[in-house]
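Structure at a glance
This is what each chain is made of:
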Amino acid sequence: MSSIAISLLDIEDDASECLVAEDYQTREGKWCAGCGDFGALNAVKRLLAKEQLKPEKMAFVSGIGCSSRFPHYVNAYGFHGIHGRALPIATGLKLARPELDVFVVMGDGDCTSIGAGHWIHATRYNPNLTVLLLDNNIYGLTKNQTSPTTPQGYKSNTSPRGSVLPALNPLQATLGVSNASFVAQTADWVPAHMYATLQAAYQHTGFSFIRILQRCPKFTPDVFQDQIKNPDLTELLVHEDGVDAPGLERLFKARRVHDPKDIDEARSLAQRTDMLRLGIFFRDDSFPVYDEIRSVRPVSPEEKVQGLEREFDRYAV
Amino acid sequence: MNRTANSQTTVTAVPEHTVEIITNSGEGAQKCATIFGQTCAKMGNGVWTVEIIPAEIEPPHHTVTSTSGNIVRFGTEKVTNWGDRSKLAVAFNDQVCLSRHRLDSFDDDCIILHEAMWEKHEDENIRNNYAKAMEEMSSKNYRFIKVPIEEETLKVVDNAQHGKNMFALGLLAEIYQRDLSIIEKQIANIFRHKSAKVTEVNIELVKNGIAWARENLDFQFQIKSVPAKESRVVMNGNQAAALGAVAAGMEMCAMYPITPATSVSHELAAIIENYGGMVHQAEDEIAACGVALGASYGGKVALTVTSGPGMALKTEFLALAIMTEIPLVVLNVQRGGPSTGLPTKVEQSDLLSSLYSQPGDAPRVVIAPRSIEECFHAMVTARRIAETFRCVVIILTDANLASGVQQFTRPKFDVRWQQEPIDFSALPEGLRPYDWDSETGLSRRIVPGTPGGQHTVTGLAHDEESHVSYDPESNERGCKMRSRKLAVFQSTLIPPSVYGDEEGDLLVVGWGSTQGAIEEAVDRARAEGMKISTCQLTFLSPMEPGLKEIFSRFKQVMTVEINYSDTVGDPYITEETRRYGQLAWLLRAQTLVDIDCWTSCPGQPLRPNDIYNSIIDKSERGASK
Ligand SMILES: Cc1ncc(C[n+]2csc(CCOP(=O)(O)OP(=O)(O)O)c2C)c(N)n1
Ligand SMILES: [Mg+2]
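From a predicted model like this one, the values you see are computed outputs, not experimental measurements.

The helix and strand tally for chain A stands at 12 helices and 11 strands. In terms of overall size, chain A behaves like a compact globule, its C-alpha atoms giving a radius of gyration of 21 Å where 317 residues would be expected to give roughly 20 Å. Within the span of chain A, comprising 317 residues, buried residues form 55% of the whole. Put simply, 66% of the contacts in chain A that link residues at least 6 apart link residues at least 24 apart. As displayed, chain A has an accessible area near 13300 Å², and 52% of this comes from carbon and sulfur atoms. Within chain A, the 39 negative side-chain charges are centred at a point lying 7 Å from the centre of the 33 positive side-chain charges.

Here it is, written out as structure tokens:
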């Protein structure tokens, strides 16, 4: 068959296989009504349809938690792993199969508590993964225990008199890691912004870390109440290299031009508590990407056998 | 002044000898012993080399804790273990010598070529310590010969630290009449990346050692050698395992440094990229296991390499691999435990935890290579089992195999040892992710990228669709299918062979690295007319078939293991309270035979003589029963 014929076939294939967002969902998400995880799933489905990704060419890797059920609902390969350990699995998968699109979905306990070590190191390895931190400020699945991101003073079953420590700030932590290459924040109550942020993350080559702020309808329904009621408490980070979505300018008056290449400003903005900030804090495509720098030339079994003879010559008696 | 061995020199023919080179760490004992061992191997002797490793990199010199060195056992026949105590030693100072004495490492009439400079050293402290050490060692009949090692070395180099080892090599070369041309080639090879001058100087030092020995020593030992017919290689168990991983076509080794496993990854890191693979040094053992699992999920059969404490950290991921039926090979180079235990020293105490460390029922394959050669082949076997049965395979070697150096027949590689390309072909209509064959529990491995195969694997209980399912029936079915695979695998195994007669008074059962030492002990007992045989297991989960039948042909069965067990008669210890050695425990459960054990955990490989004594003891107790 000529190469032209092949490319024609390809086009035909593509034409027949135009997938819409719903094609990327396998079944109804089994989360509580009003759970922020639904919003993330919707945004992801839209992204997959926009990019027309082949379901068999992507994998969603998660840990354990309500949010980690995510892969079960996506028409893709999925790995619902163990608590806190999605990132090593995803890194291994990406190293073995760099051609696959690999997404990671974690909860706040999953990523910033039990998986904190892997989070720091995966940030530094900077493999080409799209990483969603579904941060509801609480342990949902295990029913209302304090998480590292629970606001100070917030009551839970394990801190009935209120969380005693200041919350851990995942943006600040991630931005503090050398080789961090993409750090963004978005929120479940601003779907257009979430979708735009996901797109930017997907397009970035490297470890694209998005913290998605969301409410748990059962245990933290009110954590972001003030910001939701009053959009003036939120500042949008905008830039020609940032994210924007139609309609956002009407909702959010406070807008700050922030160049995502500016790490110092990114860090300073991430640690400020005066306002909630949504947008891309940092992005740099020039950092070493682990699966790229570690990529190796495939070697045939015959070549391996020949090479082994040389290795054994070193040990010959 | 040169004279060849003459009438004044007594030449004693012996079948084998064990020699120690003991130094401060950093004084090059390793190089000396490697060259000596290689030379013996090349001359056709059987050889086994063991390192004496201090726990620290370079502890304070001239102390008992600074002891570093090597033991080389070589003989006319094949050598399968480090043997009993040493017949000859070269010691660079009295303190390192004393540390070996305290470990009872020297034969009662061991010849010790000892550095001469300490006895009359200007430092009073050193003189006193020397005198005390000699006093302590005088309880034995050692023959000390004072050798001006440093003084002679300084005639050739400015810094004796880097040179004494080659002078020592010369001493040994003369005593054992080693072929100088082979030594020269070895030296040239070791220093091939340095200037020609370095090689020259080292050879000069060896020659000086030879000359000194000729001049001053009145004895030599003769150990005949029979050049081997087939081509052979010589290496340690970690090198063999690393090369085995390459031969098995493994392309991902994820690890976190831990003694004594790390050198597997050193060997691999140096070469694996030429074979389409990589070594990933992860942030911890958990991550290492996760990265390996992720790579296997992506279609490879990945490897993770570790030792006890790292093994403990990997447990949760291993259960996930077992639950999702993703192939994975784990190499556990055992060291002494529990906790950080004996980092550089041997023990066989991870057997039960390798089988049972996971919560829930988590069937996996456990195999234990019995020799350095088997460390190589075990990797190939493990890769194949892991893939065929979609399971976890744990390989248990230990510090004895890891650092022991031995020659073996050069393998003839086969491309079929390697993994087949991933099957991305379209899936049959309706095929489910866990379409377990109800006879065998086997199902097709579906790798991401296979069109139409999308599903989510999960560590939660699941049905054939890989859907989370908590109903009693599907949980029982999952357990049954994962377990069935082991039974199917077991059906491919043959009963282990018995070394010695097929029936008799006592059967000694061992596993893994102790084979050589046990067989040697059994040979000794048999030579005295005892009806004793041995059987060395390599498959621990599932076990080889036919064990009960084999055991039934012996009046008594006893395991020999390098791990802890209680001794009946100790305070509180009775037949009822006694905790058994780990293999004994397993075999008792498996066969309902009243199996005894003799175990020991001295942080060193077992000595044939100690095993022999345990056999005698058992036979006597058995007879009096
Ligand atoms: C090793 C281990 N420890 C604890 C648990 C119990 N556990 C399951 S999910 C979870 C926390 C979930 O919180 P989060 O990660 O924030 O996810 P969410 O449910 O809120 O989405 C915990 C502690 C577990 N499954 N495994
Ligand atoms: Mg949470």
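After that view of the structure, there is still more to cover.
The next subject is the interface of chain B and chain A. With 70 residues of chain B in contact, the opposing surface of chain A contributes 48 residues. Taken together, both faces of the contact between chain B and chain A bury some 5100 Å²; the carbon and sulfur share is 62%. Across the contact surface, chain B and chain A share five salt bridges. For Asp 313 of chain A, the salt bridge identified is with Arg 410 of chain B, shortest N-O distance 2.9 Å. One can count 33 residue pairs in polar contact (both at pLDDT 80 or more) joining chain B with chain A. Residue assignment for the side of chain B that touches chain A shows that the elements contributing at least two residues are α1 (29–42), β9 (232–236), α8 (237–247), α9 (262–271), β11 (278–281), α10 (285–297), α11 (308–324) and β17 (456–458) of chain B. No other element matches α10 of chain B, which puts eight residues into the side of chain B that touches chain A. A breakdown of the residues in the side of chain B that touches chain A according to their chemical character gives 36 nonpolar, 23 polar and 11 charged.

In this section: the domain arrangement of chain B. All names here are of chain B. Per the domain assignment, the segments of chain B are domain 1 (10–222), domain 2 (234–417), domain 3 (423–492) and domain 4 (504–624). Placing a centre on the C-alpha atoms of domain 2 and another on those of domain 4 gives a separation of 27 Å. With both chains or domains summed, domain 2 and domain 4 bury close to 2000 Å², and 60% of this area falls on carbon and sulfur atoms. Its largest share of buried area at the contact with domain 4, domain 2 owes to Gln 348, Leu 351 and Arg 370, together 37% of the area lost on that side. At the junction of domain 2 and domain 4, the tally comes to zero salt bridges. Remark: the boundary between domain 2 and domain 4 carries 12 residue pairs in polar contact (both at pLDDT 80 or more). Counting only elements with at least two residues in the side of domain 2 that touches domain 4, the list comes to α12 (351–356), β14 (365–367), α13 (372–388), β15 (392–398) and α14 (399–403).

This part covers α13 of chain B. All names here are of chain B. End to end, α13 covers 25 Å across 17 residues, agreeing with the expected 24 Å (1.5 Å per residue, within 8%). At Ala 378, α13 shows its strongest bend, of approximately 30°. Within α13 the residues assigned to the buried category are Ile 372, Cys 375, Phe 376, Ala 378, Met 379, Val 380, Ala 382, Arg 383, Ile 385 and Ala 386. Of the residues trailing α13, Arg 390 is marked for its positive phi of about 45°.

Time to look at the packing of α1 of chain B against helix α6 (residues 180–190) of chain B. Residues and elements named next belong to chain B. Running from amino to carboxyl end, α1 crosses α6 at an angle of 130°, the nearest separation of the two axes being 9 Å. Relative to α6, α1 is oriented oblique. Of the two elements, α1 crosses α6, and the hand of that crossing is right-handed. Residue-level contacts link Lys 31, Ile 35, Gln 38, Thr 39 and Lys 42 of α1 to Ile 182, Ile 183, Gln 186, Ile 187 and Ile 190 of α6. Of the residues belonging to the contact of α1 with α6, the class tally is five nonpolar, three polar and two charged.

Time to look at the packing of aromatic side chains. Residue and element names in this part refer to chain A. Per the stated rule, a full pass over the model turns up 26 aromatic pairs over all chains. Between Phe 60 and Phe 103, the aromatic rings sit 4.5 Å apart at their centres with planes inclined by 5°, giving stacked as the arrangement. One end of the pair, Phe 60, is in strand β1 (residues 58–62); the other, Phe 103, is in strand β3 (residues 101–107), with 43 residues separating them in the sequence. Classification of Phe 60 as buried rests on a relative accessible area of 1%. Three or more aromatic residues joined by ring pairs make a cluster, and in this case those are Trp 31, Phe 38, Phe 60, Phe 70, Tyr 73, Phe 103 and Tyr 202.

Within the protein, the atoms that donate to the magnesium ion (ligand 2) are Asp 108 of chain A (OD), Asn 136 of chain A (OD1) and Ile 138 of chain A (O), at distances of 2.0 to 2.1 Å. Summarised as a motif, the one-chain spacing of the donors to the magnesium ion (ligand 2) is D-x27-N-x1-I.

Here is what the cut-offs are and how they apply
- Residues numbered from 1 in each chain as written.
- Chains lettered and ligands numbered in written order.
- Predicted model: local features only at pLDDT ≥ 70, side-chain atom pairs only at ≥ 80, totals over all residues.
- Heavy atoms only, no water.
- Helix = DSSP H or I, 4+ residues; strand = E, 2+ residues; numbered from the N terminus.
- Rg over C-alpha atoms; globule rule 2.2 N^0.38 Å.
- Buried < 20%, exposed > 50% of the residue type's maximum accessible area, 1.4 Å probe, protein only.
- Contact = heavy atoms within 4.5 Å.
- Areas by Shrake-Rupley, 256 points an atom, 1.4 Å probe, with all protein chains shown as cover.
- Lys, Arg positive; Asp, Glu negative; His and termini not counted.
- Charge placed at Lys NZ, Arg CZ, Asp CG, Glu CD.
- Buried area = accessible area lost by both parts, 1.4 Å probe.
- Salt bridge = Lys/Arg side-chain N within 4 Å of Asp/Glu carboxyl O.
- Polar contact = N/O pair within 3.5 Å; in protein donor to acceptor, adjacent residues only side chain to side chain.
- Nonpolar A, V, L, I, M, F, W, Y, C, P; charged D, E, K, R; others polar.
- Domains from an automatic or database assignment.
- Expected span 1.5 Å × (residues − 1).
- Bend = angle between axes of the 7 residues up to and from the residue.
- Axes fitted to C-alpha atoms, helices over the stretch in contact; angles between N-to-C directions.
- Parallel < 35°, antiparallel > 145°, perpendicular 65-115°, else oblique.
- Left-handed = near helix turned anticlockwise from the far one by under 90°.
- Phe/Tyr/Trp six-rings, centres within 6.5 Å; stacked < 30°, edge-to-face > 60°.
- Donors = N, O, S within 2.8 Å, 3.2 Å for Na, K, Ca; no water.

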